2 protein chains.
Amino acid sequence: MAAQPRYEDLGRQLSAIGAVKRELARSLPVECPAGSAAVLALLGKYGEMRMSRLAELLAVDMSVTSRHVAHVADRGWIERSPDPDDRRSRILHLTPEGSDMLRTLSERHTAALAHYLRDWSDDDVDQLSALLTKLRNSFGDCRPARSHTSPTRTPA
Amino acid sequence: MAAQPRYEDLGRQLSAIGAVKRELARSLPVECPAGSAAVLALLGKYGEMRMSRLAELLAVDMSVTSRHVAHVADRGWIERSPDPDDRRSRILHLTPEGSDMLRTLSERHTAALAHYLRDWSDDDVDQLSALLTKLRNSFGDCRPARSHTSPTRTPA
DNA sequence: TATTGTTATACTCTATAACTATA
DNA sequence: TATAGTTATAGAGTATAACAATA
């Protein structure tokens, strides 16, 4: 439990992160916006998976995931194979072209971060990464599984 | 300077923060989306200022700032007074209604964070806040002031 | 000429809801 | 009935470029 000004400050820093993300996104190829890059990165790291798992890793609704996936599939970077265990599902996996693209993305991403964070210690990078993971978990824990009954947004 | 996997991981955590921001945004009044809330918060913290300074604090283009400001001005939460020193400029300041709204926002924001971060130590909150500030500065430092000659985005 | 701010336009990302097809 | 995934629609946020007024 922390005092109010502590939270206010954290809130401000959180909103300002948008600028950092946008700056990083500038290094992406035109054909591959951030959403697509995230799909490729996760498939590269965890290997083939179903839509639902990808949506969870991306931390967005499955409808959104579906669009990102369609985008990268249209460009031949991934394939959607039928799932033998459940014919409603599809298994996603990188194609060789997808792996190539991912390599490019990874190089650019690393180069950009290496540039901007050139005076950061390894410890600082690790610590920030760890705290962000913890933050995400703290929020994920409490988030109710999406229900069919509705609204969460508080009226004015 | 840090190794590649370190950066990959940080990149992933950074993109996943979106979910946290969206979750926090759910506690906002319908009339007051995140952009408006940010405007009020900054005017509340730093006092009256010009558009250009607000844009810098928000870390977005002034055209975007202009729209957010128009939204909150339309609702009577801020006023735009002429700047006696430079008639191109306008000075922004909270109205009493704006201060009321800001109080509400602040309460909800704090309550939400207090809930989600209930098992965080004060130190963790401070550390995350400090690292995010540092991150933002590292990016801000290198960002070239917006030029009239153009493109930054790398072609595929 | 350069700068402050506004507006028009276009693009990305997101969620909700309705729908299809399986289970 | 319930779940996996798709699509249609709508809304928030952003940037670029063209513009007006002033410096």
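Remember, predicted model here, so these are calculated numbers, not experimental data. (Residues numbered from 1 in each chain as written. Chains lettered and ligands numbered in written order. Predicted model: local features only at pLDDT ≥ 70, side-chain atom pairs only at ≥ 80, totals over all residues. Heavy atoms only, no water.)

## What to know about the sheet that holds strand S1 (residues 49-50) of chain A
Strand pairing in a sheet is mediated by backbone hydrogen bonds. Such pairs are either parallel or antiparallel.
Residue and element names in this part refer to chain A.
Consideration 1: With antiparallel pairing, the 3 strands of this open sheet are ordered in space as S1-S3-S2. The two strands at the open ends of the sheet, each matched to only one other strand, are S1 and strand S2 (78-82).
Consideration 2: Where S1 lies against strand S3 (residues 90-94), 2 bridges are found, and the strand directions are antiparallel. Bridge assignment links Arg50 to a residue of S3, and that residue is Ile91.
Consideration 3: In the packing of helix H2 (residues 34-46) onto the sheet, the strands contacted are S1, S2 and S3, and the crossing angle to S3 comes to about 90°. (Pairing = 2+ DSSP bridges. Helix = DSSP H or I, 4+ residues; strand = E, 2+ residues; numbered from the N terminus. Contact = heavy atoms within 4.5 Å. Axes fitted to C-alpha atoms, helices over the stretch in contact; angles between N-to-C directions.)

## Considerations on the protein's contact with DNA strand D
Consideration 1: Taken together, 25 residues lie around DNA strand D, and Ser52(A), Ser66(A), Arg88(A), Ser89(A) and His68(B) are the ones closest in.
Consideration 2: Close to the protein, within 4 Å, the atoms of DNA strand D belong to sugar or phosphate groups at a rate of 69%.
Consideration 3: Here a phosphate oxygen of DNA strand D and a backbone polar atom of Gly35(B) are 2.9 Å apart.
Consideration 4: A distance of 3.0 Å separates a base oxygen of DNA strand D from a polar side-chain atom of Ser63(B).
Consideration 5: Listing elements by their share of the surface near DNA strand D, those giving two or more residues are helix H3 (51-58) and helix H4 (62-74) of chain A together with helix H2 (34-46) and helix H4 (62-74) of chain B.
Consideration 6: Looking at the surface near DNA strand D element by element, the count peaks at 4 residues for H4(B).
Consideration 7: Of the residues that constitute the surface near DNA strand D, the class distribution is 6 nonpolar, 7 polar and 12 charged. (Near = heavy atom within 4 Å. Polar contact = N/O pair within 3.5 Å; in protein donor to acceptor, adjacent residues only side chain to side chain. Nonpolar A, V, L, I, M, F, W, Y, C, P; charged D, E, K, R; others polar.)

## Some details on the sheet that holds strand S3 (residues 90-94) of chain B
Residue and element names in this part refer to chain B.
Consideration 1: Here we have 3 strands laid out as an open sheet, ordered S1-S3-S2, and antiparallel in their pairing. Strands at the two margins of the open sheet, each flanked by one partner only, are strand S1 (49-50) and strand S2 (78-82).
Consideration 2: Of the strands in this sheet, S2 and S3 are in contact with H4, which crosses S2 at around 110°.

## A closer look at the packing of aromatic side chains
Consideration 1: Summed over all chains, the structure comprises 2 aromatic pairs over all chains.
Consideration 2: When the centroid spacing of 4.2 Å and the interplanar angle of 20° are considered together, the rings of Tyr116(A) and Phe139(B) count as stacked. You can see Tyr116(A) sitting in helix H5 (residues 96-116) and its partner Phe139(B) sitting in helix H6 (residues 122-142), one on each of two chains. There is no split in this pair, since Tyr116(A) and Phe139(B) are both buried.
Consideration 3: It is Arg53(A) that lies over the ring of Tyr46(A); its NZ or CZ is 5.3 Å from the centre. (Phe/Tyr/Trp six-rings, centres within 6.5 Å; stacked < 30°, edge-to-face > 60°. Buried < 20%, exposed > 50% of the residue type's maximum accessible area, 1.4 Å probe, protein only. Lys NZ or Arg CZ within 6 Å of the ring centre and 35° of its normal.)

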